[in-house]
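Observations on the three-dimensional arrangement
Residues per chain, in single letters:
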Amino acid sequence: MKRQYYIGPSILSVALIIMFDQLTKWMIATKMTIGDSYIIIPNFLSITSHRNNGAAWGILSGKMTFFYIVTIVILIALIYFYIKEAQYQFMMQLSLSLLFAGAIGNFIDRLLRGEVIDFIDTFIFGYDFPIFNIADSSLTVGVILLIIVLLRDTQSKDEVRK
């Protein structure tokens, strides 16, 4: 018999990501001043203390009320989809858990600090990528995984129709 939900591992992964995200942000906030940077791998990776009161790339800077509302709506939608759509689908559950953890991680920053602490500074293929954090990484991996799951499911349904 298939297990309907993997709630235990999902809750554990969400908790671990949030804890790691908040711990790293606390370390940056308490050990570095804004603008401090430490090179980890030259021309590729640095740890740089940065703050962002907007979304990715600083868009919608200072619109905290908007972010509070959007985040709450997204969290409710993620819970709904987890319960309604992720049945028997571990990868879907994992992707939604990653999205949930990332949203909560940055939501905590916005609530407690009025801004998000970013610190992972990368320079990839000649592009100085915007500075990000663990929650942002969780969101990105969650979105990529969700796209893969949805494309795979669409392809499977198309094959069944043939």
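Residues numbered from 1 in each chain as written. Predicted model: local features only at pLDDT ≥ 70, side-chain atom pairs only at ≥ 80, totals over all residues. Heavy atoms only, no water.

- The protein goes by Lipoprotein signal peptidase in an unreviewed UniProt entry, where it is assigned to Staphylococcus canis.
- The Pathway (unreviewed entry) field of the UniProt record for the protein holds the comment "Protein modification; lipoprotein biosynthesis (signal peptide cleavage)."
- Database annotation for the protein, UniProt heading Subcellular location (unreviewed entry): "Cell membrane". (UniProt positions renumbered as here; feature names shortened; annotations may be inferred.)

1. Topic: unusual backbone geometry
- Phi is positive for N43, which is not a glycine, with a value near 60 degrees.
- Its place among the elements puts N43 in the loop between β1 (37-41) and β2 (45-52).
- Classification of N43 as exposed rests on a relative accessible area of 68%.
- The residue F125 is not glycine, and still its phi comes out positive at about 50 degrees.
- Inspection of the secondary structure assignment puts F125 in the loop between β3 (116-124) and β4 (127-128). (Helix = DSSP H or I, 4+ residues; strand = E, 2+ residues; numbered from the N terminus. Buried < 20%, exposed > 50% of the residue type's maximum accessible area, 1.4 Å probe, protein only.)

2. As for the sheet that holds β3
- Spatially, the four strands line up as an open sheet ordered β1-β2-β3-β4, and their pairing is antiparallel. This sheet does not close on itself; its edge strands, each paired only once, are β1 and β4.
- The sheet contact formed by β2 and β3 spans six bridges and is antiparallel. The residue bridging I47 from the neighbouring strand is I120, located in β3. (Pairing = 2+ DSSP bridges.)

3. Thoughts on the packing of aromatic side chains
- Overall, the coordinates contain five aromatic pairs when judged by the stated rule.
- Aromatic side chains Y68 and F107 sit 6.1 Å apart centroid to centroid with 85 degrees between the ring planes, which places their arrangement in the edge-to-face category. One end of the pair, Y68, is in helix α2 (residues 64-85); the other, F107, is in helix α3 (residues 90-113), and 39 residues separate them in sequence.
- Taken together, a centroid distance of 6.0 Å and an interplanar angle of 90 degrees make the contact between F129 and F132 edge-to-face.
- Members of the aromatic cluster, connected to one another through ring pairs, are Y127, F129 and F132.
- Over the face of the ring belonging to F67 we find R110, whose NZ or CZ atom lies 4.4 Å from the ring centre. (Phe/Tyr/Trp six-rings, centres within 6.5 Å; stacked < 30°, edge-to-face > 60°. Lys NZ or Arg CZ within 6 Å of the ring centre and 35° of its normal.)

4. A few points about the pattern of salt bridges
- Evaluation of the coordinates by the stated rule reveals five salt bridges.
- Here D21 ties to K25 by a salt bridge, and the two come within 2.9 Å at their closest N and O atoms. A residue pair is termed a helical-turn pair when its members lie 3 or 4 positions apart in one helix, as D21 and K25 do in helix α1 (residues 7-31) at four residues.
- Note that R152 is salt-bridged to D153, the shortest N-O span being 4.0 Å.
- We classify D153 as partly exposed; its relative accessible area is 22%.
- Through salt bridges with shared partners, one network takes in D21, K25, D109 and R113. (Salt bridge = Lys/Arg side-chain N within 4 Å of Asp/Glu carboxyl O.)

5. Some remarks on the pairing of β1
- Summarising the sheet, β1 and β2 pair through four bridges and their orientation is antiparallel. Within β2, the residue paired with I39 across the bridge is S46.
- Counted between consecutive antiparallel strands, the loop separating β1 from β2 contains three residues, among which N43 sits at a positive phi close to 60 degrees.

6. Details of α3
- The end-to-end C-alpha distance of α3 is 34 Å, a good match for the 34 Å that 24 residues give at a rise of 1.5 Å each.
- Just downstream of α3 lies G114, where phi reads positive at about 75 degrees. (Expected span 1.5 Å × (residues − 1).)

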